[in-house]
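Okay, here's what each chain looks like letter by letter:
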Amino acid sequence: MRWALSTESNGALNLRIPALAQYTRDTVGELMGKYISNDVTLEQMSSQVTSGWERITNEQGKLNQLNIYRAALGLDSLLTVDKCRLHREEMDMIDPSVCKQYDDHNTTLIIIVLSSIVGAGVVILVVYFLYKRYKAFQKIKIAHERQMESTLNEATRALRMLDYPLHLISAQDFIKGGKLLQHERLRNSHRLTVLDNLADVDSFIQAGKQVVFFSHQWTAFDAPDPNNHQYEAMIGALHELSKRNGWDPSWNDVFVWVDYSSIPQANPSVQNLAIRSLAVYSSSATSFVVVAPDTPHADLDSVCDLDTYQRRMWCRAEQVCHSMRNGTDGMYLAVTNKETGLVEVTPVKPDFFRESLHVFDGELSCCRLEHKGMEACDRQSLVVPILGLYGELFRAAHDGIKGNNADISTVKTFLSEIEKHQEEVFPRTFQRVMWRKDKRIMEEVLLFGDLIERMRTRIKQGKMYVVQERGGTESTKSTTSFLRHGTPNPSTFIRHGARQASELSEGPPELPTTVRHRGIAVQDSEKSNNETKQSNGNSLVGGETVSIGEANNMSRNRISETEEVHKSIETSVPSP
């Protein structure tokens with residue numbers, strides 16, 4: 001109203017406004033009179049004029065007036081879309097559907113634009129996610145390949161190197177002990193023979209020494225044999241083996257391996273090193289005796305016998321490690337005769353190995369305790385030695401077939417049984433129960449995976465290499481005949497392979513002569529140079545070990561002293 005009455009308003013154009021008379025005369029004129037007569041205030045007049053104009057506009061129709069006014073001014077009518085944008089309420093009063101079509105169109109455009117933006121963002125995120133997953137997968141694949149190759153290398157190396165020396169007790173001292181004696185006690189009293197590497201082990205065996213491996217289960221949680229039943233069975237087994245094999249009654253050449261006496265008990269770290277070498281210890285023995293008489297368990301309401309022995313994973317592992325390398329000819333059972341109640345020692349049946357092959361189905365104390373406070377399961381620690389033994393067995397068959405060597409039927413029997421039950425003998429994964437932050441967790445853990453297939457491929461391609469104890473690598477592909485421990489003739493099984501077949505045919509090697517002096521073993525200077533070329537082993541006398549190389553260096557400075565000692569001290573031929 002103020003604009004219409006102002007100087008800016010064009011009176012001529014205002015005359016073209018439809019129903020101008022009603023706006024001015026009927027509304028403004030009447031209210032202006034009231035204002036002049038002071039019947040209404042200026043604010044009241046302004047409000048009433050505005051209301052009156054809105055009433056007139058609604059009566060005439062705002063859009064109709066807009067069209068007439070624009071025509072009077074020579075302007076085209078507004079487009080429908082502009083009317084919807086500027087006068088939506090009036091348009092909806094006429095026909096609500098007219099403006100909706102433009103709303104849908106705008107919404108669709110907005111949705112399309114937003115969808116395109118969001119879609120592009122999603123595509124970018126998906127591509128980025130897939131790229132990260134691919135890179136992570138590649139890293140995992142590379143790490144897995146490295147782990148598999150490392151495991152294969154370690155398995156090959158493990159059979160040719162000792163993580164901890166082989167400790168044996170002479171049969172004479174074993175019998176004099178009256179019971180199973182702890183390793184540390186025997187060590188401190190200098191009653192253990194120590195073989196530091198596999199070259200020494202081979203020399204020891206080829207010199208005619210007999211190593212009897214006693215495999216048994218502990219019959220108490222903190223003691224191996226509290227009632228001495230198993231010890232007595234071991235003594236009986238020694239007598240029976242001596243009778244069967246015609247050993248010298250003095251038993252000067254007979255030595256015993258038994259876990260409590262041959263593996264450190266006081267130091268867990270050193271004990272673990274010895275346990276890692278358990279497969280080599282077992283496979284190195286000339287005789288293997290399963291000691292499982294009927295014996296009550298001191299802490300459980302149960303009886304330990306051959307059945308409970310065969311359920312133990314470690315017991316099965318010891319059997320497999322020996323039989324895979326030596327066959328079952330030198331394996332015996334010392335068990336209770338159910339009819340007489342007496343312990344009898346008998347050779348195992350040829351198919352005895354079939355049940356023990358299922359090592360990883362055996363029971364473990366760590367699994368019974370659900371690995372509380374433990375980082376891994378004992379099953380995992382056996383993968384490397386068992387894999388290495390399988391590799392040796394497969395290589396023996398492969399090279400034998402390829403070279404038309406001597407009869408390898410026994411090796412084939414082992415491999416045939418393994419192939420029939422490969423998934424059970426070498427499980428790819430296993431279910432492990434662990435406790436983390438007081439929560440019980442069951443998880444699937446990799447065990448062998450595809451290691452067996454990888455080992456076969458390596459051997460077939462001639463890419464199986466072993467680490468030498470003196471450094472360097474050497475292909476295991478060799479023309480050396482496979483020999484069983486303690487036998488001078490070729491057989492279907494394998495030994496450590498430290499010497500060539502030509503050397504073995506010459507007879508047992510002479511053990512180095514040593515002299516006892518100041519608690520240190522020193523070789524005869526006339527033999528040390530030749531012997532050290534063949535073996536890098538250590539000797540133990542008086543509780544101290546000195547490598548042959550170190551002893552040879554010492555002898556250069558003490559030749560005269562050694563010659564004098566020879567005259568006054570009795571020379572001996574101890575175990576290497």
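Predicted, not measured: the structure shown is a model, and the values here were computed from it.

A. Local environment of the pattern of salt bridges. Tallied over the entire structure, the rule returns 21 salt bridges. Here E363 ties to R311 by a salt bridge, and the two come within 3.5 Å at their closest N and O atoms. Placement of the pair is E363 in the loop between α18 (353–356) and α19 (365–368) and R311 in helix α16 (residues 306–311), with a sequence separation of 52 residues. Overall, the relative accessible area of 40% leaves E363 in the partly exposed class. In the salt-bridge network here, residues are joined through shared partners; they are E145, E149, D450, R454 and R458.

B. Expanded view of the sheet that holds strand β2 (residues 193–195). A sheet is described by the order of its strands in space; here seven strands give the open sequence β2-β1-β4-β3-β5-β8-β9, paired in mixed fashion. Of all strands in the sheet, those bounded by a partner on one side alone are β2 and β9 (343–347). Within this sheet the neighbouring strands show an average axis-to-axis angle of 30 degrees, counted without direction. Running over the sheet, helix α12 (residues 229–245) touches β3 (210–215), β4 (254–258), β5 (287–292), β8 (331–336) and β9 and is turned about 45 degrees from β9. Along the sheet, helix α17 (residues 313–326) makes contact with β3, β5 and β8, crossing β5 at roughly 160 degrees.

C. Molecular detail of the packing of aromatic side chains. Under the definition given, this model contains eleven aromatic pairs. Here a set of aromatic residues connected by ring pairs shows up, and it is made of F360, Y390, F394, F426 and F448. Lying across the ring of W435, K372 places its NZ or CZ 4.8 Å from the centre.

D. A look at the nonpolar core. The biggest cluster of nonpolar side chains holds 72 residues, and the ones touching the most others in it are Y281, M324, F426 and F448. Counting residues in each nonpolar core, the second largest holds 27 residues, with M234, W247, V256 and A334 among its members.

E. Structural detail: a nonpolar patch on the surface. Taken together, the side chains of V118, V122, V126, F129 and L130 present a nonpolar region at the surface, about 450 Å² in accessible area. Along the polypeptide, V122 turns up in helix α8 (residues 96–158).

F. Fine view of unusual backbone geometry. Positive phi, close to 60 degrees, is recorded for N38, a residue that is not glycine. Structurally, N38 can be placed in the loop between α3 (20–36) and α4 (42–60). Taking the relative accessible area as the measure of exposure, N38 reaches 67% and is therefore exposed. Look at K437: it is not a glycine, yet its phi comes out positive at around 55 degrees. With respect to the secondary-structure elements, K437 resides in the loop between β10 (429–436) and β11 (439–446).

G. Structural context of the pairing of β4. A large share of β4 lies buried, amounting to five of its five residues. Pairing of β3 with β4, which is carried by five bridges, proceeds in the parallel orientation. Bridge pairing in β4 links Q210 to V254. Where the polypeptide runs from β3 across α12 and back to β4, its parallel neighbour, the crossover connection is right-handed.

Here is what the cut-offs are and how they apply
- Residues numbered from 1 in each chain as written.
- Predicted model: local features only at pLDDT ≥ 70, side-chain atom pairs only at ≥ 80, totals over all residues.
- Heavy atoms only, no water.
- Salt bridge = Lys/Arg side-chain N within 4 Å of Asp/Glu carboxyl O.
- Helix = DSSP H or I, 4+ residues; strand = E, 2+ residues; numbered from the N terminus.
- Buried < 20%, exposed > 50% of the residue type's maximum accessible area, 1.4 Å probe, protein only.
- Pairing = 2+ DSSP bridges.
- Axes fitted to C-alpha atoms, helices over the stretch in contact; angles between N-to-C directions.
- Contact = heavy atoms within 4.5 Å.
- Phe/Tyr/Trp six-rings, centres within 6.5 Å; stacked < 30°, edge-to-face > 60°.
- Lys NZ or Arg CZ within 6 Å of the ring centre and 35° of its normal.
- Core = buried A, V, L, I, M, F, W, Y, C linked by side-chain atoms within 4.5 Å.
- Patch = residues over 30% accessible without salt bridge, like charges linked within 9 Å, V, L, I, M, F, W, Y side chains within 5 Å.
- Areas by Shrake-Rupley, 256 points an atom, 1.4 Å probe, with all protein chains shown as cover.
- Right-handed = clockwise from strand over helix to strand, strands pointing away.

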